[in-house]
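An overview of the molecular structure
Letter by letter, the chains look like this.
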Amino acid sequence: MTKVAVLGAAGGIGQPLSLLLKLDKAVTDLSLFDVVNVPGVGADLSHINTDAKVSYHLKSDNNGTGLQSALQGADIVIIPAGVPRKPGMTRDDLFKINGGICADLATGIATTCPDALVLVISNPVNSTVPIFAEVFKKHGSFNANKLFGVTWLDTVRANTFIAQATASYPTSFKVKVVGGHSGDTIVPLYSVTAADAYAKLSNEEESALIHRVQFGGDEVVQAKQGAGSATLSMAYAGYRFLKTFLNAKDLEEPIVESCYISLDESVKGAKETKAYLKELTGEDIEFFAMPCKLGSNGVESIEFDLLKAANDKERQLINVCANTLTGNINKGVSFIRGN
Ligand code: NAI
């Protein structure tokens, strides 16, 4: 029995993500929540003859208690709620609007399903995940092993783009991506996790590939000409990441995937990762995307050795990432602490 709640289910990401979840046999209850349009999406999906039971909830339902109804008993909450990026807008521009939305949703989770796994898609992920953490801390429900920024689209792109650069199949790569989730905070560890293909590239091709992974989202924003940012590839990435937890129950070995997590000491391997990053960059970094062993209860441990195996160029990229990322994290923390 697994209940998954999708917050922002009527949006560009929320709709295809909800469809993928409705098709998954491991989901028994699919709870859809939005501020608009969710009854139509929910009624439509509910006609599909798969077993997942669909319920839908507007924020305004029952005197404004729709969020609580949506979250009741949820095992996994995935959050693509917010406003997408438009041309000329950075992920940071979204911060004020999406920060407020995230703080409200986090309060709902903390008070209704504090033990759920929480998967944050809403941008800017570098700052929204710290917002969730701060709200959970206020309510005494923070569990660093269960809170994730979904950075899987960076992994998906890193695999696709190296395949294109080397004329190979995307499915032959399992590139791990570390750092954060915007521009130069995104650091693909190609030298560690795609070494053979990567070695064939010239220095220029290598730099172009890394730049494309870091700024791949802009290709979609420009191609959509004002209609938003990545939705279909993001729905796929979000579903694939969430699927890790659905699968984990049936697998003996935990799965290793990259995700943005708190480096709180309660996470196995976080202390070492933090110390290594401090030594390398001089920054005290509280949240960082790392390859993690994931099980049905969240993070089992951080795969710290993969980070240590980075080459000189990747270490330089981590240095650049650290400065921007620290600022982004502080912004999220200050949003709640008000300083
Ligand atoms: P969208 O505008 O199509 O959908 C967002 C949905 O959230 C809408 O249905 C809206 O009504 C809903 N919403 C707004 N306020 C809400 C609230 N308080 N509670 C619940 N739902 C609320 O946007 P789209 O394209 O689906 O993007 C959603 C978010 O995902 C954006 O912040 C976007 O920047 C982010 N994103 C993240 C990516 C990642 O890799 N993590 C990639 C692409 C987008």
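Each remark here, short or long, concerns the structure printed above.
Here is a short report on the structure shown in this document. Here the structure is a predicted model, which means the values were calculated and not measured.

Observations concerning the packing of aromatic side chains
For the structure on display, the rule yields eight aromatic pairs. Seen from their ring centres, F95 and F335 are 5.2 Å apart, and the 75° between their planes marks the pair as edge-to-face. A residue pair is termed long-range when its members are at least 10 positions apart, and F95 in helix α5 (residues 95–112) and F335 in helix α14 (residues 312–337) qualify at 240 residues. For F95, a relative accessible area of 5% puts it in the buried group. On the accessibility criterion, F335 (32% relative accessible area) is partly exposed. Ring pairing ties together the aromatic residues F148, F241 and F245, which thus form one cluster. Taking NZ or CZ as reference, K137 lies 4.9 Å from the ring centre of F142, over its face. Positioned above the aromatic ring of F161, the side-chain terminus of R212 is 3.8 Å from the ring centre.

Brief notes about unusual backbone geometry
A cis geometry characterises the amide bond from N123 onward to P124, with omega recorded as -5°. Note that P124 resides in the loop between β5 (117–120) and α6 (125–138). Non-glycine residue N62 carries a positive phi angle of around 45°. In this model, A167 sits at a positive phi of 50°, which is unusual for a non-glycine residue. Position of A167 among the secondary structure elements: in the loop between α7 (152–165) and β7 (177–179). We classify A167 as exposed; its relative accessible area is 76%.

Considering the environment of D24
Within the secondary structure, D24 is located in the loop between α1 (14–22) and β2 (29–34). Separated by 28 residues in sequence, D24 and A52 have C-alpha atoms that sit 7.7 Å apart. If we ignore the near neighbours within four places in the chain, the residues touching D24 are Y239, K243 and L246. Polar side-chain contacts of D24 include one of 2.8 Å to the side chain of K243.

A short note on empty space enclosed by the protein
What the rule picks out here adds up to one cavity of 30 Å³ or more. In this model, the largest cavity occupies a volume close to 60 Å³. In terms of lining residues, the largest cavity is bounded by I109, C113, P114, A116, V118, F136, S141, N143, K146 and L147. Split into classes, the residues belonging to the lining of the largest cavity amount to seven nonpolar, two polar and one charged.

A closer look at the pattern of salt bridges
Counted under the stated rule, the structure contains nine salt bridges. In this structure, the salt-bridge partner of K137 is E134, at a minimum N-O distance of 3.9 Å. In this pair, K137 and E134 are both assigned in helix α6, three residues apart and thus about one turn of the helix distant. For K137, a relative accessible area of 41% translates into the label partly exposed. The class of E134 is buried, set by a relative accessible area of 8%. Among the charged side chains, a network of salt bridges with common partners joins E134, K137 and R337.

Some details on helix α2 (residues 38–46)
The α-helix winds at 3.6 residues per turn, so residues separated by three or four positions along the chain end up facing the same way. V38, V41, G42 and L45 are the residues of α2 that are buried. Seen from one end, α2 has its buried residues packed into an arc of 95°, which puts them on one side. Against the buried residues of α2 lie α1, β2 and β3 (53–58).

Remarks on the side chain of N98
Structurally, the position occupied by N98 is in helix α5. N98 gets classed as buried once you look at its relative accessible area, which sits at 1%. There is a polar contact of 2.8 Å between the side chain of N98 and the backbone oxygen of N123.

Comments concerning the pairing of strand β11 (residues 298–302)
Counting buried positions over the five residues of β11 gives four, a clear majority of the element. Across four bridges, strand β10 (residues 287–295) lies against β11 in antiparallel orientation. Counterpart to G295 in the pairing with β11 is G298. Adjacent in sequence and paired antiparallel, β10 and β11 are bridged by two residues.

Definitions and cut-offs
- Residues numbered from 1 in each chain as written.
- Predicted model: local features only at pLDDT ≥ 70, side-chain atom pairs only at ≥ 80, totals over all residues.
- Heavy atoms only, no water.
- Phe/Tyr/Trp six-rings, centres within 6.5 Å; stacked < 30°, edge-to-face > 60°.
- Helix = DSSP H or I, 4+ residues; strand = E, 2+ residues; numbered from the N terminus.
- Buried < 20%, exposed > 50% of the residue type's maximum accessible area, 1.4 Å probe, protein only.
- Lys NZ or Arg CZ within 6 Å of the ring centre and 35° of its normal.
- Contact = heavy atoms within 4.5 Å.
- Polar contact = N/O pair within 3.5 Å; in protein donor to acceptor, adjacent residues only side chain to side chain.
- 1 Å grid on protein atoms, 1.4 Å probe; cavity = no way out; pocket = protein on both sides within 12 Å on 5 of 7 lines; lining within 4 Å.
- Points joined across faces, edges and corners; volume = space filled by probe spheres on them.
- Nonpolar A, V, L, I, M, F, W, Y, C, P; charged D, E, K, R; others polar.
- Salt bridge = Lys/Arg side-chain N within 4 Å of Asp/Glu carboxyl O.
- Arc of directions from axis to C-beta.
- Pairing = 2+ DSSP bridges.

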